[in-house]
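# An overview of the molecular structure
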Amino acid sequence: MPKAVQFDNYGDVNVLHVVEVPRPTPGPGEVVVRVKAAGINPGEAKIRQGLLHARWPATFPSGEGSDLAGTIDEVGPGVREWKLGDDVIGFTDNRASQAEYVVVEAAHLTAKPAAVPWEVAGGLFVAGATAYAAVHAVELKTGDVVAVSGAAGGVGSIAVQLATLARATVIGIASAANHAWLRDRGAIPVAYGDGLADRLRGAADHLDAFIDTVGGGYADLAIELGVAPRRIDTIADFGAGERLGVKVDGNAAGASAKTLAYLAGLVADGTIVIPVETYPLAEVQAAYRELERGHTRGKIVLLP
């Protein structure tokens, strides 16, 4: 029988297990994808821990994952845009992508360009659509100066490159270990931690916009540095929206196959680069332990 990641109750990574499940069957407008790569994301860890129960409650047993890339294995009634054997990138809203097979709405898929490696394709949707939404939310124009917190993480690493593509000057807030990588992407690296406000003032004479992928007071810092609330976007501090009037546009604002196709094209032609660390599906607990350390550059992806 096919295998999938599940958890039966809220808890730490030890509640995650790879179990045998029935092979899924597509309904109207759906396909079954044989998964070759599936990304993991911080939001999924928080859901598993029960930290987002009020917003996104889990029902048990619960699967895991939205991101996926693979090959069409079965086509449901009414689906004409895909055929058996097509290579696709996509997403599911049913917390089910970390598995060998997954049912996906046909409209949630885009063709995988041959130049996009499977492991990159499998982790592209959540981080990519979130970064896309955040960059658009802060209304970047040529010559703007924008700071990005968590600039080497899954969302931040893509946001930095999309902001550079928008011809903004990008200041990437990250650990020293990621500074060379950020410079190679055209960003100005700045270390996080005590004294950050002064380092940001030293890096640029002003900030026009701020993208926060971390939370923990970055939205407040952006206000302190004179950034207008409408040009601050946080994907990690939902309370800052009401408290400060900043934007909280994230994955939902960018979630579409059209966005995914655009991002896949940028990866295919080398415009953006996404670092990826991979784990076998059977090592899902180790993958989430690494994710929850909070220091991974780019994405962590499971390979069923």
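Residues numbered from 1 in each chain as written. Predicted model: local features only at pLDDT ≥ 70, side-chain atom pairs only at ≥ 80, totals over all residues. Heavy atoms only, no water.

A separate point is the side chain of R48. Relative to the assigned elements, R48 resides in helix α1 (residues 42–49). Judged by relative accessible area, which is 0%, R48 ranks as buried. A polar contact of 2.9 Å, which involves the side chain of R48, links it to the backbone oxygen of G11. For R48, the residues in contact, after removing those within four places along its chain, are F7, N9, Y10, G11, D12, V13, V15, L16, E64, Y288 and E292. (Helix = DSSP H or I, 4+ residues; strand = E, 2+ residues; numbered from the N terminus. Buried < 20%, exposed > 50% of the residue type's maximum accessible area, 1.4 Å probe, protein only. Polar contact = N/O pair within 3.5 Å; in protein donor to acceptor, adjacent residues only side chain to side chain. Contact = heavy atoms within 4.5 Å.)

Note on pairing: side chains with opposite charge can pair once their charged atoms come close. In this structure the tally under the stated criterion is 14 salt bridges. A salt bridge links E292 to R48; the nearest nitrogen and oxygen atoms lie 2.9 Å apart. Taken together, the residues E292 in helix α11 (residues 284–293) and R48 in helix α1 connect sequence positions 244 residues apart. The class of E292 is partly exposed, set by a relative accessible area of 36%. A salt bridge links R201 to E224; its shortest N-O distance comes to 3.6 Å. (Salt bridge = Lys/Arg side-chain N within 4 Å of Asp/Glu carboxyl O.)

This part is about α11. Of all the positions in α11, only V284, A287, Y288, E290 and L291 are classed as buried. Looking straight down α11, one finds that the buried residues subtend no more than 155° of arc, so they occupy a single side. Just downstream of α11, G294 is the residue with a positive phi angle, here 80°. (Arc of directions from axis to C-beta.)

Next up on the list: the layout of surface pockets. Its volume calculated, the second largest pocket comes out at about 440 Å³. Lining the second largest pocket we find 28 residues, and of these G63, N94, R95, A96 and V102 sit closest to its centre. For the lining of the second largest pocket, the secondary-structure elements that each account for two or more residues are β1 (3–7), β4 (62–63) and β7 (101–105). The element contributing the most residues to the lining of the second largest pocket is β7, with 5 residues. (1 Å grid on protein atoms, 1.4 Å probe; cavity = no way out; pocket = protein on both sides within 12 Å on 5 of 7 lines; lining within 4 Å. Points joined across faces, edges and corners; volume = space filled by probe spheres on them.)

Here the distance between the centres and the angle between the planes together describe a pair of aromatic rings. Going through the model one piece at a time under the given rule, you end up with 5 aromatic pairs. Among the aromatic residues, those joined into a cluster by ring pairs are F7, Y10 and F60. When the ring centre of Y101 is taken as origin, the NZ or CZ atom of R23, which lies over that ring, is 5.0 Å away. Against the face of F238 rests R55, its NZ or CZ located 4.2 Å from the ring centre. (Phe/Tyr/Trp six-rings, centres within 6.5 Å; stacked < 30°, edge-to-face > 60°. Lys NZ or Arg CZ within 6 Å of the ring centre and 35° of its normal.)

What follows covers the packing of helix α3 (residues 125–137) against helix α4 (residues 154–165). Following both chains from N to C, one finds α3 and α4 inclined at 45°, their axes separated by 8 Å at the closest point. By the angle class used here, α3 and α4 are oblique. The chirality of how α3 crosses α4 is right-handed. Taking contact as the criterion, the partners of A127, G128, T130, A131, Y132 and V135 in α3 are, on α4, G154, V155, I158, A159, L162 and A163. For the contact of α3 with α4, the residue count by class is 9 nonpolar, 3 polar and no charged. (Axes fitted to C-alpha atoms, helices over the stretch in contact; angles between N-to-C directions. Parallel < 35°, antiparallel > 145°, perpendicular 65-115°, else oblique. Left-handed = near helix turned anticlockwise from the far one by under 90°. Nonpolar A, V, L, I, M, F, W, Y, C, P; charged D, E, K, R; others polar.)

Here we come to the sheet that holds strand β13 (residues 232–234). The sheet built from 5 strands is open, its strands ordered β11-β10-β9-β12-β13 with parallel pairing. Two strands close off the open sheet at either side, each with one partner strand: β11 (188–190) and β13. Between one strand axis and the next, the sheet turns through 15° on average, direction left out of account. Across 3 bridges, strand β10 (residues 169–173) lies against β11 in parallel orientation. Paired with G172 across the bridge in β11 is P189. The sheet contacts of helix α6 (residues 196–203) involve β9 (145–149), β10, β11 and β12 (209–212), and relative to β11 the element is tilted by about 160°. (Pairing = 2+ DSSP bridges.)

Honestly, it's all geometry; don't read function into it.
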